Amino acid sequence: KTLEAINRKSDLEKLCKNIEKLIRPGNIHIHTDLIAGLPLEDAESFKNSFNKAYSLKPHMLQLGFLKFLHGTALRQNAASFGAVFEQKAPYTVLKTDTLSFAELRKLHRVAELLERLRDSGRFQEGLAFLLSLSRGPTLSSRPKRISVRRTIFSCAPESFFSASFFLYLNLE
């Protein structure tokens, strides 16, 4: 539905297979981008897209946010999907009919964690360890308590955000 709403046609299964083929030999650097705030995309569908993109194991996985640039069809049709966006550049989405302001704020935090912990390459082993405890690198909302060297923190199973949040808090 989302791809139709933005006039894009893609065979996502074929796209994922092609990304996997490109990554497999190890001689091509793959950078994938996800855009949050697209029309008709809710938290659940974005979670599924994120989880799929993360599971492909690209070298970089950037989480960006929809921008409503002057002269674009998305900006002209923003009201049709309840989009509210910044009135000054870069015109970033603040909320839509299907993604609340709070959900988008959480995704901004996930984007920062993704960049600092995964894509920086500085925490590969620690992040892999935390994700193994939480049973995988995906977004979820089911709480679980995990003990790591007498440190207890909340972690959602299969949650990149929750598993990495503890590590993030100790960076500053």
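This report concerns the structure included in the present document. (Residues numbered from 1 in each chain as written. Predicted model: local features only at pLDDT ≥ 70, side-chain atom pairs only at ≥ 80, totals over all residues. Heavy atoms only, no water.)

1. Re the overall build of the protein chain
What the protein chain contains, in helices and strands, is seven helices and six strands. Burial statistics for the protein chain: of 172 residues in total, 40% are counted as buried. Partitioning the contacts of the protein chain with sequence separation of at least 6, the portion at a separation of at least 24 is 53%. (Helix = DSSP H or I, 4+ residues; strand = E, 2+ residues; numbered from the N terminus. Buried < 20%, exposed > 50% of the residue type's maximum accessible area, 1.4 Å probe, protein only. Contact = heavy atoms within 4.5 Å.)

2. Brief notes about helix H3 (residues 43-55)
Note: α-helices contain 3.6 residues per turn, so residues at a spacing of three or four share the same orientation. Look at H3: 18 Å from first C-alpha to last across 13 residues, which is about the 18 Å you get at 1.5 Å a residue. All of the buried residues along H3 are Phe-46, Phe-50, Asn-51, Ala-53 and Tyr-54. The buried residues of H3 occupy one face: seen down the axis, they fall within an arc of 165°. Positive backbone phi, at 60°, marks Lys-57, one or two positions downstream of H3. (Expected span 1.5 Å × (residues − 1). Arc of directions from axis to C-beta.)

3. Some thoughts on the pairing of strand S1 (residues 31-36)
Burial along S1 is one-sided: the face carrying Thr-32, Leu-34 and Ala-36 is buried and the face carrying His-31, Asp-33 and Ile-35 is not. Here S1 pairs with strand S2 (residues 60-65) via six bridges, running parallel. The partner of Leu-34 across the bridge, within S2, is Leu-63. Each parallel crossover has a hand, and for S1 linked through H3 to S2 it is right-handed. (Pairing = 2+ DSSP bridges. Right-handed = clockwise from strand over helix to strand, strands pointing away.)

4. Focus on the nonpolar core
Phe-50, Leu-63, Phe-65 and Phe-68 are the most contacted members of the largest nonpolar core, which totals 30 residues. A total of seven residues in this core trace back to one element, the largest contributor, which is helix H5 (residues 101-119). Here Phe-68 is in contact with Leu-74, Arg-75, Ala-78, Phe-81, Ala-83, Phe-85, Tyr-91 and Val-93, once residues within four sequence places are set aside. (Core = buried A, V, L, I, M, F, W, Y, C linked by side-chain atoms within 4.5 Å.)

5. Quick look at the pattern of salt bridges
Here the structure, examined in full by the defined rule, presents four salt bridges. When the shortest N-O distance is used, the salt bridge between Arg-116 and Glu-112 registers 3.8 Å. You can see Arg-116 and its partner Glu-112 sitting in helix H5, four residues apart, about one turn around the helix. Arg-116 gets classed as partly exposed once you look at its relative accessible area, which sits at 30%. Residue classification places Glu-112 among the partly exposed positions, given a relative accessible area of 34%. Notably, a salt bridge pairs Asp-119 with Arg-118, separated by 2.7 Å at the nearest N-O pair. Across the pair, Arg-118 and Asp-119 agree in class, each one buried. (Salt bridge = Lys/Arg side-chain N within 4 Å of Asp/Glu carboxyl O.)

6. So, the side chain of Arg-75
Mapped onto the elements of the fold, Arg-75 is located in helix H4 (residues 73-76). Of the side chains with opposite charge, Glu-86 comes closest to the buried, unpaired Arg-75, at an N-O distance of 9.6 Å. Only 2.6 Å separates the side chain of Arg-75 from the backbone oxygen of Phe-68, close enough to count as a polar contact. Aside from chain neighbours lying at most four places away, what touches Arg-75 is Phe-68, Leu-69, His-70, Phe-85 and Tyr-91. (Lys, Arg positive; Asp, Glu negative; His and termini not counted. Polar contact = N/O pair within 3.5 Å; in protein donor to acceptor, adjacent residues only side chain to side chain.)

7. Here we look at the packing of aromatic side chains
Considering all chains together, one arrives at three aromatic pairs under this definition. Judged by centre distance (4.6 Å) and plane angle (20°), the ring pair of Phe-68 and Phe-85 falls under stacked. Of the two residues, Phe-68 is situated in the loop between S2 and H4 and Phe-85 in strand S3 (residues 84-85); the sequence distance between them amounts to 17 residues. Three or more aromatic residues link up through ring pairs in this structure, and these residues are Phe-68, Phe-81 and Phe-85. Sitting above the plane of the Tyr-54 ring, Arg-118 keeps its charged end 5.1 Å from the centroid. (Phe/Tyr/Trp six-rings, centres within 6.5 Å; stacked < 30°, edge-to-face > 60°. Lys NZ or Arg CZ within 6 Å of the ring centre and 35° of its normal.)

Nothing here speaks to function; it is geometry throughout.
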